[in-house]
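# Descriptive structure summary
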Amino acid sequence: MPKVALLPVFVCEFLKMIIFAPEATSPKPATSSQELPSSSNLKSWRWWLMISLFTLFILAGQAAGTLLGRFYYNNGGKSIWMATIVQSAGAPLLFPFVLLYPLASSSSSSPATASAVKIAAVYIGIGLLIAGDNLMYSYGLLYLPVSTYSLVCATQLAFNALFAYFLNSQKFTAFIFNSIILLTLAATLLGVRSEGGGSVSSDKYPLGFTLTIAASATFSLMMSLTQLSFQKVLKSETFLVVIQMTLWTNFLAAVASVVGLFVSGEWRGIHLEFGEFEKGKVSYVMTLVWIAISWLLYSVGAVGLIFVVSSLFSNVIATLALPVVPIFAVVFFHDSMDGVKVIALLIATLGFANYMYQHYLDDSKQKKSRRRRDDL
Ligand SMILES: Nc1nc2[nH]cnc2c(=O)[nH]1
């Protein structure tokens, strides 16, 4: 077998080593962060490593995906449907992981017990929500300046809090409220300062605004439903379920987006924009390929965090990524750095710290009650 074909096996093996801690098997008491069953006992170094890894995936994926998306539009890319397709088109890259995972895994954890129909319904439903979100996200990115876009996107945390309360029985504490408010404030700060709209025309503003709000609601609903599906339908403790969920939902979203490209007739313009891309044809293809890889990384991170912690936590990290994107723009696109960006990032970090502190409290409480149980 060529060495490169073994890459997915090594990656699976690495993730397995992190995830399947020997202590990750017994049920857990509910915590204020209302995590999934599989996450309960993982708060060892492995748990923190997983969180760090998935967080990195989200931050890097969101930053690269958003900036490359803007690069596509700025250099002659015009197709909304193409911008939508590439947000989920990286999914087939996960096929080798799904096929080779059983080779790498010695885990005896049982596969999902739900019927194929139920599982298919979950993948199709969530896949369609992803396609809808990606489409509206593409419109938002085209019709709004980045900072306004970040502001409106920040509402997703409030939407998620609402959905998580009803769908995931999320319990709220002062620290979680603090975290939501601080992260919303950080993104708002970026949005309210005036930034030239650039090529964005003002008559498209109301449409861009409405679609970004709708995307935020759809994104949050999709996150909460993903957590609910892990808990109620898939019920698997293995990391394979994260790969399967990411693969199938994004694959179906990509198929729905390709249908959209043809039905809308936009496919006729693709050849033209390919030929006229300002940076050249190779750059056009590479831009789309790297957008797809960036969003795939983002999706694995987001679904991974839902699996290991919760949909709200995953959304906290996704929202933390919003003020991080302009910082990356400073580094890679030489955008100007100003005090507002730094303050927004500091506030976002504080919001994130609040959420993590709640996890630390939950963890300590769990450890104490376990010790008390052991002493009896
Ligand atoms: N609505 C929405 N869609 C996304 N797709 C990738 N990231 C995001 C996000 O932060 N919000």
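Residues numbered from 1 in each chain as written. Predicted model: local features only at pLDDT ≥ 70, side-chain atom pairs only at ≥ 80, totals over all residues. Heavy atoms only, no water.

As recorded by an unreviewed UniProt entry, the chain carries the name Probable purine permease and is attributed to Dendrobium catenatum. What the UniProt record of the chain gives under Sequence similarities (unreviewed entry) is the line "Belongs to the purine permeases (TC 2.A.7.14) family." (UniProt positions renumbered as here; feature names shortened; annotations may be inferred.)

### Concerning the overall build of the chain
Within the chain, the regular secondary structure consists of 14 helices and zero strands. Counted from the first residue to the last, the chain has its helices and strands arranged as α-α-α-α-α-α-α-α-α-α-α-α-α-α. For the chain, with 376 residues in total, the buried portion stands at 53%. In the form shown here, the chain has an accessible surface area of approximately 17000 Å², with 71% of it arising from carbon and sulfur atoms. (Helix = DSSP H or I, 4+ residues; strand = E, 2+ residues; numbered from the N terminus. Buried < 20%, exposed > 50% of the residue type's maximum accessible area, 1.4 Å probe, protein only. Areas by Shrake-Rupley, 256 points an atom, 1.4 Å probe, with all protein chains shown as cover.)

### A closer look at the packing of aromatic side chains
Scanning the model with the defined rule gives 18 aromatic pairs in all. Measuring from centroid to centroid gives 4.6 Å for Trp47 and Trp48, while their planes differ by 85°, and the two rings are edge-to-face. For Trp47, a relative accessible area of 0% translates into the label buried. Residue Trp48 is classed as partly exposed on the basis of its relative accessible area, which comes to 33%. Ring geometry for Trp295 versus Tyr298: centroids 5.1 Å apart, planes at 80°, classification edge-to-face. With a gap of three residues between them, Trp295 and Tyr298 both fall in helix H12 (residues 281-308), about one helical turn apart. On the basis of relative accessible area, Trp295 is assigned to the buried category, the value being 6%. Three or more aromatic residues joined by ring pairs form one cluster here, namely Phe71, Tyr72, Tyr73, Phe274, Phe277 and Tyr284. (Phe/Tyr/Trp six-rings, centres within 6.5 Å; stacked < 30°, edge-to-face > 60°.)

### Some words on the site of the ligand
Around the ligand lies a shell formed by Gln62, Asp133, Tyr137, Gln156, Ala215, Ser216, Phe219, Trp295 and Tyr298. One of the side-chain nitrogen or oxygen atoms of Gln156 is found 2.8 Å away from a nitrogen atom of the ligand. Here a nitrogen atom of the ligand sits 3.3 Å away from a polar atom, N or O, in the main chain of Ala215. Compared with its free state, where it exposes 280 Å², the ligand has 98% of that area covered by protein. Those elements giving two or more residues to the shell around the ligand turn out to be helix H5 (116-143), helix H9 (205-234) and H12. It is H9 that contributes the most residues to the shell around the ligand, three residues altogether. (Near = heavy atom within 4 Å. Polar contact = N/O pair within 3.5 Å; in protein donor to acceptor, adjacent residues only side chain to side chain.)

### Observations concerning the packing of helix H10 (residues 240-264) against H12
When two helices pack together, their arrangement is given by the angle between the helix axes and the distance between those axes. Two numbers describe how H10 lies on H12: the axes approach to 9 Å, and their chain directions differ by 130°. As judged from the angle between their axes, H10 and H12 are oblique. Once H10 is placed against H12, the crossing between them reads as right-handed. Between H10 and H12, the contacting residues are Val241, Val242, Met245, Thr246 and Asn250 on the first element and Leu296, Ser299, Val300, Val303, Gly304 and Phe307 on the second. Here the contact of H10 with H12 is composed, by residue class, of seven nonpolar, four polar and no charged. (Axes fitted to C-alpha atoms, helices over the stretch in contact; angles between N-to-C directions. Parallel < 35°, antiparallel > 145°, perpendicular 65-115°, else oblique. Left-handed = near helix turned anticlockwise from the far one by under 90°. Contact = heavy atoms within 4.5 Å. Nonpolar A, V, L, I, M, F, W, Y, C, P; charged D, E, K, R; others polar.)

### Some thoughts on the environment of Leu167
Summarising the element assignment, Leu167 is placed in helix H7 (residues 155-167). Between the C-alpha atoms of Leu167 and Leu221, which are 54 residues apart in sequence, the distance is 9.2 Å. Among all residues touching Leu167, those that are not within four sequence positions of it are Leu221, Ser224, Leu225 and Leu228.

### Remarks on unusual backbone geometry
Phi at Lys235 is positive, roughly 45°, even though this residue is not glycine. Looking at the element boundaries, Lys235 is found in the loop between H9 and H10.

### Focus: the side chain of Thr218
Note that Thr218 resides in helix H9. For Thr218, a relative accessible area of 15% translates into the label buried. Contact partners of Thr218, with chain neighbours within four places excluded, come to Leu129, Asp133 and Met136.

### Focus on helix H2 (residues 45-74)
The terminal C-alpha atoms of H2, which comprises 30 residues, lie 43 Å apart, in line with the 44 Å expected from a rise of 1.5 Å per residue. A positive phi of about 110° marks Gly76, the residue just after H2. (Expected span 1.5 Å × (residues − 1).)

### Concerning the nonpolar core
By size, the foremost hydrophobic cluster in this structure holds 83 residues, and its most contacted members are Ile51, Tyr72, Phe230, Met245, Val308 and Phe313. No other element matches the 13 residues that H12 contributes to this core. (Core = buried A, V, L, I, M, F, W, Y, C linked by side-chain atoms within 4.5 Å.)

### Comments concerning the packing of H9 against H10
Following both chains from N to C, one finds H9 and H10 inclined at 125°, their axes separated by 12 Å at the closest point. Of the possible angle classes, the one that applies to H9 and H10 is oblique. Handedness of the crossing formed by H9 with H10: right-handed. Residues Thr226, Ser229, Phe230 and Leu234 of H9 form the contact with H10, whose participating residues are Val241, Val242 and Met245.

### Some words on a nonpolar patch on the surface
Together, Val282, Val285, Met286, Val289 and Trp290 give the surface a local cluster of nonpolar side chains, amounting to about 460 Å² of exposed area. Take Val289: it is sitting in helix H12. Judged by its relative accessible area of 36%, Val289 falls in the partly exposed class. (Patch = residues over 30% accessible without salt bridge, like charges linked within 9 Å, V, L, I, M, F, W, Y side chains within 5 Å. Salt bridge = Lys/Arg side-chain N within 4 Å of Asp/Glu carboxyl O.)

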